[in-house]
Amino acid sequence: METLLSVVLGIGLSAACGFRIFVPFLIAGIAARTGHLTLGPSFVWMASIPALVALSVATVLEVGAYFIPWLDHALDVLATPAAVVAGAVMTASVVTGLDPMLRWTLALIAGGGIAGTVQALTVGTRKVSLMTTGGLGNPAVAAAELGGAVGLSLLAVAVPLLAFALVVWALFFGVRFLLRLAAGRTSGPARPSA
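Cut-off values and rules
Residues numbered from 1 in each chain as written. Predicted model: local features only at pLDDT ≥ 70, side-chain atom pairs only at ≥ 80, totals over all residues. Heavy atoms only, no water. Salt bridge = Lys/Arg side-chain N within 4 Å of Asp/Glu carboxyl O. Helix = DSSP H or I, 4+ residues; strand = E, 2+ residues; numbered from the N terminus. Buried < 20%, exposed > 50% of the residue type's maximum accessible area, 1.4 Å probe, protein only. Axes fitted to C-alpha atoms, helices over the stretch in contact; angles between N-to-C directions. Parallel < 35°, antiparallel > 145°, perpendicular 65-115°, else oblique. Left-handed = near helix turned anticlockwise from the far one by under 90°. Contact = heavy atoms within 4.5 Å. Nonpolar A, V, L, I, M, F, W, Y, C, P; charged D, E, K, R; others polar.

S.K.: Report on the pattern of salt bridges, specifying residues and quantitative values.
M.R.: The tally for this structure, following the rule as stated, stands at four salt bridges. Here Asp72 ties to Arg126 by a salt bridge, and the two come within 3.7 Å at their closest N and O atoms. A residue pair is termed long-range when its members are at least 10 positions apart, and Asp72 in helix α4 (residues 71–94) and Arg126 in helix α5 (residues 100–133) qualify at 54 residues. For the pair Asp72 and Arg126, a shared accessibility class is recorded, and that class is buried.

Shown next, in the form of structure tokens:
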């Protein structure tokens, strides 16, 4: 049961990496430092003071940059592949009780896949905001993404099963919405046959 909880914890934190890369690492590091989270032996460095300072600075820079319209789109070019890597590392850092090969396979598929999917949904949302508001609505999107990263990270640490259920629910409806949106754009009015 402990291994299952560590897997759903990892998936919840990985999904939060799709919103912001450094926020879940900072929250996991603080939670580990205060004894609320157990990190794998190779990842105890995340709870060290130097790591927490570095993660705090990185978090502030990342969060601030996303509030600047147009810069947020440029960051997505870097953040999309980085979110996949961060999601995999985040899952591997908290999953315990598994063979390392199985842990990293799970981390790459589940953690990286979930983080990449959430990141793709946020990129899509930001593009819709750009097209509808000319980028003026992007700071509101950035605030919502920051709230998602913080809230989901805290929920994953406190109640991993609830965080996992929320991630599954949100991904189902988010992907469904984007597929409907894409289908609406591709299927224009029918042309009369000649």
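Resuming the write-up.
S.K.: Lay out the environment of Val128 in plain terms, naming residues and giving numbers.
M.R.: Within the element layout of this structure, Val128 appears in helix α5. Placed 82 residues apart in sequence, Val128 and Met46 show a C-alpha to C-alpha distance of 35 Å.

S.K.: Can you tell me about the packing of helix α2 (residues 22–33) against α4, naming the residues and giving the values?
M.R.: Between α2 and α4, whose axes approach to 10 Å, the crossing angle comes to 20°. Accordingly, the angle class assigned to the pair α2 and α4 is roughly parallel. Crossing of α2 against α4: the hand is left-handed. Within the contact between the two elements, α2 uses Pro24, Phe25 and Ala28 and α4 uses Ala86, Val89 and Met90. Residue composition of the contact of α2 with α4, grouped by class: six nonpolar, no polar and no charged.

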